[in-house]
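# Descriptive structure summary
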Amino acid sequence: MSIQKTNKIWRNGKLIDWDDAQIHVLSHVVHYGSSVFEGVRCYKLPYGPAIFRAEEHMSRLLDSAKIYRMPCDYTVEQLVKGMDDLIAANQTWPCYIRPIIFRGYGEIGVNPLKSPVETYIANMPWGKYLGEDPDAGVSVCVSSWTRMAPNTLPALAKAGANYMNSQLIKMEALSNGYAEGIALDANGLVSEGSGENLFVVHKGRIFTTPIANSVLEGITRDTIMQIARDLGYEVVEQAMPRELLYIADELFFTGTAAEIAPIGAVDKIQIGDGRIGPISKAIRNAFFDILEGRAEDRRGWLHRVPTAKAE
Ligand SMILES: Cc1ncc(COP(=O)(O)O)c(C=O)c1O
């Protein structure tokens, strides 16, 4: 989906015009992938816009920056306020929010430490990521590309460079007629999709891969684990062999972009009847009941955005 422009972008604490959010071609990030970022959704609640798990996203952003020794001048609270100010200024919701911290224009060599750290936040309208029929399972493949091996690129950091691996997984899947690819880790165990965590329903229990299998510790993943347990299901973080995917009763992806996306087939082996299964559906309904204001937000996952226009 092409980017839909809004008016303002937050840059280092100030709102600037969308068209002024430019960087130099010799910025460190362009050459060496030195960025960390987030993908956040703001939903439209009956009372107005609300950012889903705003603090957790900003805290993961600062953790990613810490891993890469990027000093960020802003706290979680300031970054959350940055998202608030941006949404109020652009008057756009529901929306997708893209905060990013990167190494800017400074030195041409690999050493990042002399290039300035810049922080930006943008927001824009964005619809469904994987398919428009929410009940239809997407067709996916197991990728021939492997996720980053431990101690190479850190999977817990949501870093721009990791998404070169994601791009290989995604392009291979698309060019072979699949909607998405599931990658294995360096030991051949299930890891995750190119931009989503993975859940497997098998014999009434719910499994997801632990963080040691080269996954991003998804905020939706955490949300779904809590919702599933509230609904009385047993949720197990467990390393999984590839073949468990083929014999699963239900499979689904989770992520900020994908939300909850049922998987209908893996490598052309059908899962269930190819559509969302009953356990996935119960979890998805409970998730959207919160996001659409039908159920109480007991854990304070929704951050209400003050909508008075910021200058
Ligand atoms: C590689 C990868 N795994 C998992 C996720 C899901 O994470 P979250 O639920 O925090 O969006 C994402 C999306 O951000 C991702 O890019």
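The structure under discussion appears in the preceding block.
Residues numbered from 1 in each chain as written. Predicted model: local features only at pLDDT ≥ 70, side-chain atom pairs only at ≥ 80, totals over all residues. Heavy atoms only, no water.

## What to know about the pairing of strand β5 (residues 48-52)
Consecutive side chains of a regular strand alternate in pointing toward one face of the sheet and then the other. The element β5 is extensively covered by neighbouring structure, given that five of its five residues are classed as buried. In terms of strand pairing, strand β4 (residues 40-45) meets β5 through four bridges, oriented antiparallel. By the bridge assignment, Lys44 is partnered in β5 with Pro49. Hairpin connection of β4 to β5: two residues between the antiparallel strands. (Buried < 20%, exposed > 50% of the residue type's maximum accessible area, 1.4 Å probe, protein only. Helix = DSSP H or I, 4+ residues; strand = E, 2+ residues; numbered from the N terminus. Pairing = 2+ DSSP bridges.)

## Some words on the side chain of Asp135
By the element assignment, Asp135 lies in the loop between β7 (117-124) and β8 (138-146). According to the relative accessible area criterion, Asp135 is buried, its value standing at 19%. Apart from residues lying up to four places away in sequence, Asp135 is in contact with Pro262, Arg275, Ile276, Lys281 and Arg284. (Contact = heavy atoms within 4.5 Å.)

## Some words on helix α3 (residues 76-90)
Its 15 residues give α3 an end-to-end C-alpha distance of 21 Å, which sits within 8% of 21 Å, the value for a rise of 1.5 Å per residue. With 11 of 15 residues buried, α3 lies mostly within the body of the structure. Buried within α3 are the following residues: Val76, Leu79, Val80, Gly82, Met83, Asp84, Leu86, Ile87, Ala88, Ala89 and Asn90. At the exit of α3 stands Gln91, carrying a positive phi of roughly 50 degrees. (Expected span 1.5 Å × (residues − 1).)

## A few points about the site of the ligand
Residues in close proximity to the ligand total 16 residues, the closest being Lys158, Tyr163, Glu192, Thr220 and Thr256. A distance of 2.7 Å separates an oxygen atom of the ligand from a polar atom in the side chain of Lys158. Side-chain polar atom of Thr256 to an oxygen atom of the ligand: 2.6 Å apart, as the coordinates give it. Relative to its unbound accessible surface of 380 Å², the ligand loses 96% to contact with the protein. When residues of the shell around the ligand are traced back to their parent elements, those giving at least two are α5 (219-230) and β14 (250-255). For the shell around the ligand, the residue count by class is three nonpolar, eight polar and five charged. (Near = heavy atom within 4 Å. Polar contact = N/O pair within 3.5 Å; in protein donor to acceptor, adjacent residues only side chain to side chain. Areas by Shrake-Rupley, 256 points an atom, 1.4 Å probe, with all protein chains shown as cover. Nonpolar A, V, L, I, M, F, W, Y, C, P; charged D, E, K, R; others polar.)

## Quick notes on unusual backbone geometry
A cis amide bond links Trp93 to the next residue, Pro94, at an omega of 0 degrees. Take Pro94: it is sitting in the loop between α3 and β6 (95-103). Of note in the backbone geometry, Lys203 takes a positive phi value of approximately 50 degrees without being a glycine. Counting through the fold element by element, Lys203 comes out in the loop between β11 (197-202) and β12 (205-208). Taking the relative accessible area as the measure of exposure, Lys203 reaches 69% and is therefore exposed.

## A closer look at a nonpolar patch on the surface
Taken together, the side chains of Ile23, Val25, Leu26, Val30, Tyr105 and Ile108 define a hydrophobic patch exposed on the protein surface, amounting to about 570 Å² of accessible area. For Val30, a relative accessible area of 47% puts it in the partly exposed group. (Patch = residues over 30% accessible without salt bridge, like charges linked within 9 Å, V, L, I, M, F, W, Y side chains within 5 Å. Salt bridge = Lys/Arg side-chain N within 4 Å of Asp/Glu carboxyl O.)

## A closer look at the pattern of salt bridges
Applying the stated rule across the entire model yields 19 salt bridges. For the salt bridge of Lys281 with Asp135, the shortest nitrogen-to-oxygen distance reads 3.6 Å. With Lys281 in helix α7 (residues 278-291) and Asp135 in the loop between β7 and β8, this pair connects stretches of sequence that are 146 residues apart. The salt bridge involving Asp230 is made with Arg298; its shortest N-O contact spans 3.0 Å. Here Asp230, found in helix α5, pairs with Arg298, found in the loop between α7 and β17 (302-304); they are 68 residues apart in sequence, far enough to count as distant. Take Asp230: its relative accessible area is 41%, and that puts it in the partly exposed class. With a relative accessible area of 57%, Arg298 lands in the exposed category. The structure contains a network of salt bridges with shared partners spanning Arg53, Glu56 and Asp222.

## Here we look at the state of the cysteines
Inspection of the entire model under this criterion finds zero disulfides. Left without a disulfide partner, Cys95 is nearest to the cysteine sulfur of Cys42, which lies 4.4 Å away. Residue Cys95 is classed as buried on the basis of its relative accessible area of 2%. (Disulfide = S-S within 2.5 Å.)

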